[in-house]
Amino acid sequence: MSNRAFNFCAGPAALPEAVLKRAQAEMLDWHGKGLSVMEMSHRSDDYVGIAEAAERNLRELLSIPAHYKVLFLQGGASQQFAEIPLNLLPENATADYIDTGIWSRKAIDEARRYGPVNVAASAKPSNYMDLPAQAQWQLTPGAAYIHYASNETIGGLQFGWVPQADAPLVVDMSSDILSRPLDVTQFGMIYAGAQKNIGPSGLVVVIIREDLLGKARAVCPTMLNYTIAAEHGSMYNTPATYSWYLAGLVFEWLKEQGGVGAMEQRNRAKKDRLYAFIDNSDFYSNPIAPAARSWMNVPFRLADEALNKAFLAGADARGLLNLKGHRTVGGMRASIYNALGQDAIEALVAYMAEFEKERG
Ligand SMILES: *Cc1c(COP(=O)(O)O)cnc(C)c1O
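Taking an unreviewed UniProt entry as the reference, the protein is identified by name as Phosphoserine aminotransferase belonging to Pseudomonas typographi. Per UniProt, the protein carries the Subunit (unreviewed entry) text "Homodimer." The heading Subcellular location (unreviewed entry) in the UniProt record of the protein holds the text "Cytoplasm".

Laid out in structure tokens, this is it:
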């Protein structure tokens, strides 16, 4: 009997139970080899096989063309905020950034250390409740790249469209990669910290078009250089071997579930159910413009904020964990990544209805 709770944490987030069970079964003795994946040399045939299978399955899931490299790096998505300008922003060029919330602003602040950054558009006029329409973007002619975050994990704002631009798009997909199909060829580079929709923390996946390699600044540290990472199969030094292995198990699980097309159907049903419930209630509210609402992170408020503590305590008691909103936003947030099924949404909605009836 499993006593696993429904974990709505924004990250590190819930992993599929089947993946954890498989990791458990393989923990002490991987495939009869008498050792754990954690104890393998990253240069061994067995580990290289694990790493290559993970990449192959990710390529298959997202139909990643051969002229894109897939890198399994460390330092999280936040380190990419520096790696991107160090690798892609030449000394005398400008990079365009779109500001849609806390994560894209962190990327902007970090990039400014390396060169001119033009904030081409911002969600600020809407108080971060809606995306700036592309017609209003003030893009720089000849920009080295355009950076944006496809899903603002904290604010709950998500792009339902891909910007059209001449410069390569560099997108932070940390919290929505693999949640629905995407056309990789629309992007110069996609990156995602693993701990939302891929696997455990300690790993960041970078998908980069080959022609963007080879442009790193001379001062770019070896360990942060995409070209060197690509040349060494992401093993210039010891990679996050166990996180990479677990990511591979998640990719296999996703394939068994029917791939990202199947995940899109499920995720659509999940978010539709939750937003409809919130919208039909006078007690709960979500402020984001409907077309810009995140499928993955659903912030919501109680009409009476004095009841927040009681709401969270009651949720905890029922095994509905980590519903507290980010400290900068307050209120509640339900992160409903791939690993959470419709049963988690039904359990949450049932609790919310009951709480509203009793206390609302
Ligand atoms: C979580 C998150 C990050 C930061 O990830 P780390 O791996 O902790 O550095 C960056 N961007 C987005 C959109 C995120 O959700």
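Quick look at the site of the ligand now. Around the ligand, the neighbouring residues are G76, A77, S78, F81, W103, N151, T153, D172, S174, S175, Q195 and K196. When the ligand is considered free in solution it has 390 Å² of accessible area, and contact with the protein chains removes 87% of it. Here the shell around the ligand gets four residues from one element, more than from any other, and that element is helix α3 (residues 76-88). Residue classes in the shell around the ligand are distributed as three nonpolar, seven polar and two charged.

Residues of strand β5 (residues 146-149) alternate between two faces, with I146 and Y148 on one and H147 and A149 on the opposite face, all of them buried. Relative to β5, strand β3 (residues 95-99) runs parallel, the two sharing two bridges. Each bridged residue has a counterpart across the sheet, and for Y97 the counterpart in β5 is H147. Looking at chain direction, β5 and strand β8 (residues 169-172) are connected through four bridges and run parallel. Counterpart to I146 in the pairing with β8 is L169.

Another aspect to go through is the sheet that holds strand β4 (residues 117-122). Sheet strands associate in pairs through backbone hydrogen bonding, adopting either a parallel or an antiparallel arrangement. Read from one edge to the other, the open sheet built from seven strands follows the order β2-β10-β9-β8-β5-β3-β4, with strand pairing classed as mixed. Of all the strands in the sheet, just β2 (68-73) and β4 have a single pairing partner and so form its edges. Put simply, the sheet's adjacent strands are angled 20° from each other on average, direction ignored. Direction of pairing for β2 relative to strand β10 (residues 204-209): antiparallel, over a ladder of six bridges. Note that in β10 the partner of L73 across the bridge is V204. Its contacts with the sheet put helix α2 (residues 45-62) on β2 and β10, and the angle it makes with β2 is roughly 130°.

Taken domain by domain, the protein holds domain 1 (18-256) and domain 2 (259-359). Here the C-alpha centroids of domain 1 and domain 2 sit 27 Å apart. Contact residues are listed per partner, giving 25 residues for domain 1 and 24 residues for domain 2. In total, about 2,000 Å² of surface goes out of reach between domain 1 and domain 2, with carbon and sulfur atoms giving 59% of it. Of all residues in domain 1, M129, I154 and R180 bury the most surface against domain 2, accounting for 24% of the area lost on that side.

What follows concerns the sheet that holds strand β14 (residues 332-335). Ordered in space as β11-β12-β14, the three strands form an open sheet in which the pairing is antiparallel. The strands lining the two open edges of the sheet, one partner per strand, are β11 (284-285) and β14. Both strand β12 (residues 297-302) and β14 contribute to a ladder of four bridges, which runs antiparallel. The residue bridging N297 from the neighbouring strand is S335, located in β14. In this fold helix α7 (residues 259-279) packs onto β11, β12 and β14, with an angle of close to 20° to the strand it touches most, β12.

Now for the pattern of salt bridges. Inspection of every chain in the model, using the stated rule, returns 18 salt bridges. Among the salt bridges present, the one from D272 reaches K271, with a minimum N-O distance of 2.7 Å. On the basis of relative accessibility, which here comes to 37%, the residue D272 falls in the partly exposed class. Owing to a relative accessible area of 15%, K271 belongs among the buried residues under this scheme. Across the pair D279 and R293 runs a salt bridge, and its minimum N-O distance is 2.9 Å. Taken as a pair, D279 in helix α7 and R293 in the loop between β11 and β12 lie far apart in primary sequence, 14 residues in all. On the basis of relative accessibility, which here comes to 46%, the residue D279 falls in the partly exposed class. For R293, a relative accessible area of 11% translates into the label buried. Here the salt bridges share partners, and the residues they tie into one network are R4, E17 and K21.

The rules behind each value
Residues numbered from 1 in each chain as written. Predicted model: local features only at pLDDT ≥ 70, side-chain atom pairs only at ≥ 80, totals over all residues. Heavy atoms only, no water. UniProt positions renumbered as here; feature names shortened; annotations may be inferred. Near = heavy atom within 4 Å. Areas by Shrake-Rupley, 256 points an atom, 1.4 Å probe, with all protein chains shown as cover. Helix = DSSP H or I, 4+ residues; strand = E, 2+ residues; numbered from the N terminus. Nonpolar A, V, L, I, M, F, W, Y, C, P; charged D, E, K, R; others polar. Buried < 20%, exposed > 50% of the residue type's maximum accessible area, 1.4 Å probe, protein only. Pairing = 2+ DSSP bridges. Axes fitted to C-alpha atoms, helices over the stretch in contact; angles between N-to-C directions. Contact = heavy atoms within 4.5 Å. Domains from an automatic or database assignment. Buried area = accessible area lost by both parts, 1.4 Å probe. Salt bridge = Lys/Arg side-chain N within 4 Å of Asp/Glu carboxyl O.

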